[in-house]
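# Architecture and fold: a report
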Amino acid sequence: MVLPFQNYSQTPRAGEQVEEMVATLFRIRGIPNVQMYQPQDEDKGGWLDFNDRKRQEKALLLAMKDNASYAITGSVDEWQYKLGVGSEPVVGLTIRVIAIPSGAVVWSATGAQSGWSTGSLSGTAQKLLRELISKIEITKS
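Residues numbered from 1 in each chain as written. Predicted model: local features only at pLDDT ≥ 70, side-chain atom pairs only at ≥ 80, totals over all residues. Heavy atoms only, no water.

Following the criterion strictly, the structure yields one salt bridge and no others. Between R13 and E16 there is a salt bridge, and its shortest N-O distance comes to 2.5 Å. The class of E16 is partly exposed, set by a relative accessible area of 32%. (Salt bridge = Lys/Arg side-chain N within 4 Å of Asp/Glu carboxyl O. Buried < 20%, exposed > 50% of the residue type's maximum accessible area, 1.4 Å probe, protein only.)

The computed volume of the largest pocket comes to approximately 710 Å³. As for the largest pocket, its lining consists of 23 residues, of which I31, N33, S69, Y70 and I138 are closest to the centre. Elements with a minimum of two residues in the lining of the largest pocket: β2 (70-81) and β4 (105-114). For the lining of the largest pocket, the class distribution of residues is 13 nonpolar, seven polar and three charged. (1 Å grid on protein atoms, 1.4 Å probe; cavity = no way out; pocket = protein on both sides within 12 Å on 5 of 7 lines; lining within 4 Å. Points joined across faces, edges and corners; volume = space filled by probe spheres on them. Helix = DSSP H or I, 4+ residues; strand = E, 2+ residues; numbered from the N terminus. Nonpolar A, V, L, I, M, F, W, Y, C, P; charged D, E, K, R; others polar.)

Pairing within the open sheet is mixed, and its four strands lie in the order β1-β2-β3-β4. A strand with exactly one partner marks an edge of an open sheet, and here the two such strands are β1 (2-7) and β4. Looking at each pair of strands side by side, their axes are set apart by 15 degrees on average, direction ignored. Taken together, the eleven bridges between β2 and strand β3 (residues 89-99) define a ladder with antiparallel strand orientation. The residue of β3 that forms the bridge with W79 is V91. Relative to the sheet, helix α1 (residues 14-28) contacts β1, β2 and β3, its axis offset from that of β1 by approximately 145 degrees. (Pairing = 2+ DSSP bridges. Axes fitted to C-alpha atoms, helices over the stretch in contact; angles between N-to-C directions. Contact = heavy atoms within 4.5 Å.)

Once that is clear, we can look at the pairing of β3. Buried residues dominate β3, accounting for ten of its eleven residues. Bridge count for β3 against β4 is nine bridges, and the pairing is antiparallel. Across the sheet, V91 pairs through a bridge with Q113, a residue of β4. Here β3 folds back onto β4, and the loop between the two strands holds five residues, one of which, G103, carries a positive phi near 80 degrees.

The next point concerns the side chain of Q56. Examined against the element boundaries, Q56 turns out to sit in helix α2 (residues 52-65). For Q56, the residues in contact, after removing those within four places along its chain, are L3, P4, F5, Q6, T73, G74 and R96.

The biggest cluster of nonpolar side chains holds 27 residues, and the ones touching the most others in it are V2, V18, V22, W79, I95 and L129. If you list the elements that add at least two residues to this core, you get β1, α1, β2, β3, β4 and α3 (121-133). Here this core gets seven residues from one element, more than from any other, and that element is α1. Formed by ten residues, the second largest nonpolar core is a distinct cluster that contains A59, A63, A68 and A71. (Core = buried A, V, L, I, M, F, W, Y, C linked by side-chain atoms within 4.5 Å.)

Take a look at the structure:
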């Protein structure tokens, strides 16, 4: 289950963009049953929407309740175009894989990537995510 990513960047909803990319990239890696955390009705429109850490904690509890095997979460540390002549896209991410129900982090990675001035933020992020996720050893039971 993909849990909310904490967004430490200045770009609103960057965490949600990364969550979608992560889910898709894990499906491409051969895990077809990747689920996305869906906020409960009582959370929608409330203060919880603005507190990424609380959303992440609540989502982890839901993953445990739903008997998920693993949870994928992390943070977006940078998500912007650098100001200057070229306006290069820059992305910084941290990813963690958590074993459920123990809550132990079984894999983590962090990285940063900048692109060319002709590149996009999402393209730069996908390149970095592919690189990070490719290092996860996936075994099917």
